[in-house]
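Summary of the model geometry
These are the residues of each chain, in order.
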Amino acid sequence: RQRRRTTGTNMEMSKLAPAFAKLAEAAQEISEIFAAAGGVTLGKRGPGALLLDADGKPIKKKKEKRAPRAPTKFNEFMRTNLAQVKSDNPDKSPKEHFALCAMRWATAPENPKSSAAAALPPAKSEKGSLKSGKGKSKK
């Protein structure tokens, strides 16, 4: 077995300690300069990133409360049809009620995608035609 050398590592660390001390002093000076400039920070976690109250405690920003979004056509459709589906099928589970409503939504006139999807022919996949060899030109 080989023995680890610890004396060389300790000596190197003792040489680095003064350099780290100087680095810490320089960082403190820079921090004070930025603080004197009105709390300018270099990022989210800089020294001026937190606003402090008179007691020195950080001030938390309060989130603005927004008005709720307007219901979508799907939301309105589900609200009206879910009650009807529940009354027509009382023995089914809520999951099945939603599935039935979703199937109705797929063909509903209120659905903006249903009328557009019905008018278009089904799209052909290019990948499938290349795999089967179709579409390749012969020379």
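Here the structure is a predicted model, which is why all the values come from computation and not from measurement.

What follows concerns a nonpolar patch on the surface. A contiguous nonpolar patch, built from Met13, Leu16, Phe20 and Leu23 and spanning about 440 Å² of accessible area, is present on the exposed surface. Relative to the assigned elements, Leu23 resides in helix H1 (residues 7–36).

The next subject is the nonpolar core. Counting seven residues, the largest nonpolar core consists of Phe77, Met78, Leu82, Val85, Cys101, Trp105 and Ala108. The greatest single-element share of this core, amounting to four residues, is contributed by helix H2 (residues 73–88). With residues near it in sequence (within four places) discarded, Cys101 still touches Phe77, Met78, Asn81, Leu82 and Val85.

Now for the packing of aromatic side chains. Using the criterion set out here, one finds two aromatic pairs in the structure. When the centroid spacing of 5.3 Å and the interplanar angle of 75 degrees are considered together, the rings of Phe74 and Trp105 count as edge-to-face. A residue pair is termed long-range when its members are at least 10 positions apart, and Phe74 in helix H2 and Trp105 in helix H3 (residues 94–107) qualify at 31 residues. Judged by relative accessible area, Phe74 falls into the partly exposed class, the value being 33%. Classification of Trp105 as buried rests on a relative accessible area of 13%. An aromatic cluster is present here, built from Phe74, Phe77 and Trp105 joined pairwise through their rings.

Following the sequence through the fold, Asn111 ends up in the loop between H3 and helix H4 (112–119). Residue class for Asn111 comes out buried when judged on its relative accessible area of 8%. With residues near it in sequence (within four places) discarded, Asn111 still touches Trp105 and Ala106.

Attention now moves to H3. In this model H3 runs 21 Å from its N-terminal to its C-terminal C-alpha over 14 residues, within 8% of the 20 Å that 1.5 Å per residue would give. Listing the buried residues of H3 in full gives His97, Cys101 and Trp105. For H3, the buried positions fall inside an angular range of 75 degrees around the axis, keeping them on one side. The exposed residues of H3 that point more than 90 degrees off its buried face are Lys95, Met103 and Thr107.

With 65% of its residues at a pLDDT of at least 70, the chain reaches an overall mean of 75. Note that pLDDT drops below 50 for residues 128–132; the model gives that stretch two contacts with residues more than four away or on any other chain.

Turning next to H2. In this model H2 runs 22 Å from its N-terminal to its C-terminal C-alpha over 16 residues, within 8% of the 22 Å that 1.5 Å per residue would give. At its buried positions, H2 is contacted by H3.

Right, let's talk about the packing of H2 against H3 for a bit. What describes two packed helices is the angle between their axes and the distance between those same axes. Two elements in contact, H2 and H3, have axes whose closest approach is 9 Å; the angle formed by their N-to-C orientations is 125 degrees. If you check the angle between H2 and H3, you find them oblique. For the pair H2 and H3, the crossing hand works out as right-handed. Residue-level inspection shows Lys73, Phe74, Phe77, Met78, Asn81, Leu82, Gln84, Val85, Lys86 and Asp88 of H2 in contact with H3, the latter providing His97, Phe98, Leu100, Cys101, Arg104 and Trp105. When the residues that make up the contact of H2 with H3 are grouped by side-chain class, the tally is nine nonpolar, three polar and four charged.

Each value, and the rule that gives it
All residue numbers refer to position in the chain's written sequence, counted from 1. The predicted origin of the model limits local features to residues at a pLDDT of at least 70 and limits the giving and counting of side-chain atom pairs to 80 or more, whereas totals for whole chains, interfaces and linings rest on all residues. For side-chain calculations, the full set of non-hydrogen atoms in the structure is used, while hydrogens and water are omitted. Patch rule: a residue counts if its relative accessible area is over 30% and it has no salt bridge; like charges are joined within 9 Å, and nonpolar side chains (Val, Leu, Ile, Met, Phe, Trp, Tyr) within 5 Å. Computed with a 1.4 Å probe, the accessible areas rest on the Shrake-Rupley method; for each residue, only the protein chains presented here act as cover. Salt bridge criterion: a side-chain nitrogen from Lys or Arg within 4 Å of a carboxyl oxygen from Asp or Glu. Secondary structure counts use DSSP, requiring at least four H or I residues in a row for a helix and at least two E residues in a row for a strand, with both numbered from the N terminus. Among buried residues, those of type Ala, Val, Leu, Ile, Met, Phe, Trp, Tyr and Cys that are joined through side-chain atoms within 4.5 Å constitute a nonpolar core. Burial here depends on accessible area, computed with a 1.4 Å probe over protein chains only, as a share of the maximum for the residue type. Under 20% is buried, over 50% is exposed, and the range in between is partly exposed. Two residues qualify as a contact provided that any one of their heavy atoms is within 4.5 Å of a heavy atom in the partner residue. For Phe, Tyr and Trp, where Trp contributes only its six-membered ring, two rings pair if their centres lie within 6.5 Å, and the inter-plane angle classes them as stacked under 30 degrees, edge-to-face over 60, or tilted in between. Given the number of residues in a helix, its expected span is that number minus one, multiplied by 1.5 Å. What the arc measures is the spread of directions leading from the helix axis to the C-beta atoms. The predictor attaches a confidence to each residue, and that confidence, scored 0 to 100, is pLDDT. Here, axes are lines fitted to C-alpha atoms. For helices the fit covers the stretch in contact, and angles between N-to-C directions go from 0 to 180 degrees. Our angle categories are set so that under 35 degrees counts as roughly parallel, over 145 as roughly antiparallel, 65 to 115 as roughly perpendicular, and the remainder as oblique. Each crossing gets its handedness from the near helix: less than a right angle anticlockwise from the far helix is left-handed, clockwise is right-handed. Under the scheme applied, nonpolar residues are Ala, Val, Leu, Ile, Met, Phe, Trp, Tyr, Cys and Pro; charged residues are Asp, Glu, Lys and Arg; polar residues are all the others, including Gly.

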